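# Overview (structure and organization)
Residue-level listing of the chains:
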Amino acid sequence: MRVLADRKRGVERRGRYLGLGLVVLAAGFLLTGRWQLALGVAVGALLGWVLTDPVRITWAVFVIAFAVPVTIDVGYPTNPSYALLLVLFLLAAWGRVLRAERDGWPPKALAAALLLPACAVLAGLVHWHGVKPIAVGVAPLLCFGVLAWHLAEEARHDRRTVRRIAEALTWFSVAVAVFAKYQTASRSWPIFDQFAYDWTYTSAFDATRAVGLSGHPIIYGTFAMAMVLVALTLRGRFWYVPVTANLVGLVLSGTRSAWVGTVLALGLWLFLQWRKVSWRGLGATAAVAAVTFTLVAVNPPALRPDTTTAAPTPSPAAPAASSAAPAPESPAATPSPAAPSPAAPAPPAASSLPPEPGAPLPAAPTASAVDSVDVAGSRISDPASADARFTRMCVVWDGITSDWSTVVFGNGPEANVRFLENVGIGDGQAQVFDNTYLTFWYNFGLIGLACLLALLVLLYRHLRSLPARLLLVGFAAQIFFFDVWLWLGAVAVLLLAVALGAADNPSLSARSLPVPRRRQPGAQAAAGPRQPAAGAAAGSGSAPAARPGSAGASGPS
């Protein structure tokens with residue numbers, strides 16, 4: 001014991017010395033004006049600390065996915081989406097290595113993680129365009145498959161941590177909603193206006209919609225939708241606060257796809273909970289709705305925009321984006337702040353487009369604040385978005401049905417990028433397909449689409465948790481309206497659903513050793529006298545495997 005204690009103290013001492021050295025190194029870089037190197041040292045030290053514990057890895061996955069925007073480039077070696085994807089992949093893969101002795105390598109989990117990447121490889125082999133498109137197309141799918149595997153395994157063994165993370169995210173979302181309210185009231189996006197790598201990720205593009213910490217209103221709307229559903233179903237202390245705050249953020253984002261997903265998920269919730277409807281619940285619903293409307297409508301005078309200065313203009317210089325990175329909206333049609341563009345950016349970007357010569361200056365803010373209620377109403381009545389998506393559906397369908405091989409196997413990974421770069425959609429809107437299902441079919445064929453739908457259905461069927469099912473319904477509905485794979489904050493909603501579902505499903509919970517069942521008084525007399533050894537063996541062999549949490553771990557279904 002003394003030897004082990006000495007070893008532990010030695011490790012702790014070396015850790016303190018290493019931490020002190022890293023602090024000195026980062027301070028030296030700051031003093032010499034090299035803040036990027038100092039930031040790299042700090043992030044590297046933090047990741048090293050996280051990698052020592054699988055529980056920290058689980059926390060880090062959700063923090064990075066939900067809190068780090070891919071619309072800001074702080075000097076990543078590649079596109080921000082791919083840089084953060086690589087970090088998440090390394091975290092999840094190392095977490096599986098740390099748990100290999102305990103969990104092993106279950107074949108079903110591996111098959112589920114590799115199913116969609118295998119579809120991408122198959123499509124790439126049938127329609128060969130080189131190794132690079134296959135690698136670029138497979139990378140996000142493989143990363144998210146490994147992440148889902150890691151989170152499900154951790155949730156199976158540690159239900160508390162996953163629920164604690166989910167509740168912490170709901171309260172974190174309250175602060176994000178306050179920031180979103182400031183964005184729409186002041187008609188500016190602090191941080192994003194200064195550091196976004198494209199002007200379409202700033203308030204110069206549309207200052208009437210909130211973006212939270214994501215840099216884009218659609219991704220923030222996805223986050224707000226998820227937090228509404230999680231807070232409503234987990235029902236932690238003062239749950240109505242995050243529900244109300246995220247309903248406000250959902251409205252301020254102006255994201256109609258998130259509104260549709262929320263309505264469908266809440267409809268499912270009411271259908272499953274209709275027997276529990278009460279007058280008290282109806283009163284609470286009316287109160288939440290009234291407070292939400294008030295917070296959306298009220299614009300504090302202190303936050304109204306300054307009429308003497310225009311909103312800051314971001315630098316037009318942008319790093320070369322990867323061909324599958326989240327794309328800014330098409331600059332062909334520059335919307336005014338009062339008329340938000342309906343199209344959403346998506347992974348298949350036309351990366352060959354030349355950089356913009358300069359960001360258009362936003363309109364000078366007026367003394368009166370924007371009426372957020374009117375803006376939300378205009379988002380419902382504006383038909384331009386529906387027309388743009390209908391046009392894209394027709395274009396995608398023509399590409400899918402060009403011959404039998406494209407129907408079955410698709411056009412190959414990154415085929416949508418090649419089409420948008422070389423042909424494009426001539427409607428002056430964003431050069432994206434704006435439909436995850438059709439994009440998946442276009443790239444990976446009917447086989448890939450069938451596998452994607454099968455995974456969503458199987459997750460809904462086997463993850464018998466109310467929070468998980470509502471998140472799955474909202475996510476599945478929303479991705480019909482935009483391409484999702486390179487938006488980490490949006491795919492993290494699916495990962496959160498997998499983690500919560502695995503934690504709440506007793507059939508997926510980790511099993512402990514069998515526990516002998518107690519004998520009822522008189523049972524031995526009724527069965528007749530037995531030998532002591534035989535009786536002990538019979539008693540130990542008749543007990544079923546205990547499932548920790550089987551009585552209380554399952555969520556409402």
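Residues numbered from 1 in each chain as written. Predicted model: local features only at pLDDT ≥ 70, side-chain atom pairs only at ≥ 80, totals over all residues. Heavy atoms only, no water.

For the rest of this paragraph, the subject is the side chain of Thr439. As for its position among the elements, Thr439 is in helix H18 (residues 436-462). Here the side chain of Thr439 touches Asn435 through a polar contact of 2.8 Å, landing on its backbone oxygen. When sequence neighbours within four positions are dropped, the list of residues in contact with Thr439 reads Asn416, Phe433 and Asp483. (Helix = DSSP H or I, 4+ residues; strand = E, 2+ residues; numbered from the N terminus. Polar contact = N/O pair within 3.5 Å; in protein donor to acceptor, adjacent residues only side chain to side chain. Contact = heavy atoms within 4.5 Å.)

Now for the packing of aromatic side chains. Throughout the structure, instances matching the rule amount to 18 aromatic pairs. Taking the centre distance of 5.2 Å and the plane angle of 75 degrees together, the rings of Phe433 and Tyr442 count as edge-to-face. When its relative accessible area of 3% is taken as the criterion, Phe433 is described as buried. Over the ring of Trp149 we find Arg96; its NZ or CZ atom is 5.9 Å from the centre of that ring. Arg235 extends its terminal NZ or CZ atom over the ring of Trp239, reaching a point 4.1 Å from the ring centre. (Phe/Tyr/Trp six-rings, centres within 6.5 Å; stacked < 30°, edge-to-face > 60°. Buried < 20%, exposed > 50% of the residue type's maximum accessible area, 1.4 Å probe, protein only. Lys NZ or Arg CZ within 6 Å of the ring centre and 35° of its normal.)

Turning to a nonpolar patch on the surface, a few remarks are in order. Together, Leu270, Trp274, Val277, Trp279 and Leu282 make up a nonpolar patch on the protein surface, roughly 640 Å² of accessible area in all. Position of Val277 relative to the elements: it lies in the loop between helix H12 (256-272) and helix H13 (279-297). (Patch = residues over 30% accessible without salt bridge, like charges linked within 9 Å, V, L, I, M, F, W, Y side chains within 5 Å. Areas by Shrake-Rupley, 256 points an atom, 1.4 Å probe, with all protein chains shown as cover. Salt bridge = Lys/Arg side-chain N within 4 Å of Asp/Glu carboxyl O.)

A separate point is the pattern of salt bridges. Per the stated rule, a full pass over the model turns up four salt bridges. When the shortest N-O distance is used, the salt bridge between Arg156 and Glu153 registers 2.7 Å. Here the residue Arg156 and the residue Glu153 both occupy positions in helix H7 (residues 131-157), the gap between them amounting to three residues, near one helical turn. Residue Glu153 is classed as buried on the basis of its relative accessible area, which comes to 7%. Several salt bridges converge on common partners, so that one network encompasses Arg96, Arg99 and Glu154.

Ranked by internal contacts, the top residues of the largest apolar core, which has 110 residues, are Phe62, Leu471, Trp485 and Leu496. Considering every element that reaches this core, the biggest residue donor is helix H20 (residues 488-504), with 14 residues. Those residues in contact with Leu496 that sit more than four places away from it in its chain are Phe62, Ala166, Leu169, Met227, Val230 and Leu471. By size, the runner-up hydrophobic cluster in this structure holds five residues, among which are Ile72, Phe179, Trp189 and Val211. (Core = buried A, V, L, I, M, F, W, Y, C linked by side-chain atoms within 4.5 Å.)

A positive phi angle, near 75 degrees, is found at Ile191, a position not held by glycine. Inspection of the secondary structure puts Ile191 in the loop between helix H8 (159-186) and helix H9 (192-195). You can call Ile191 partly exposed: its relative accessible area is 47%. Residue Asp434 is not a glycine yet carries a positive backbone phi of 60 degrees. One can find Asp434 in the loop between helix H17 (415-422) and H18.

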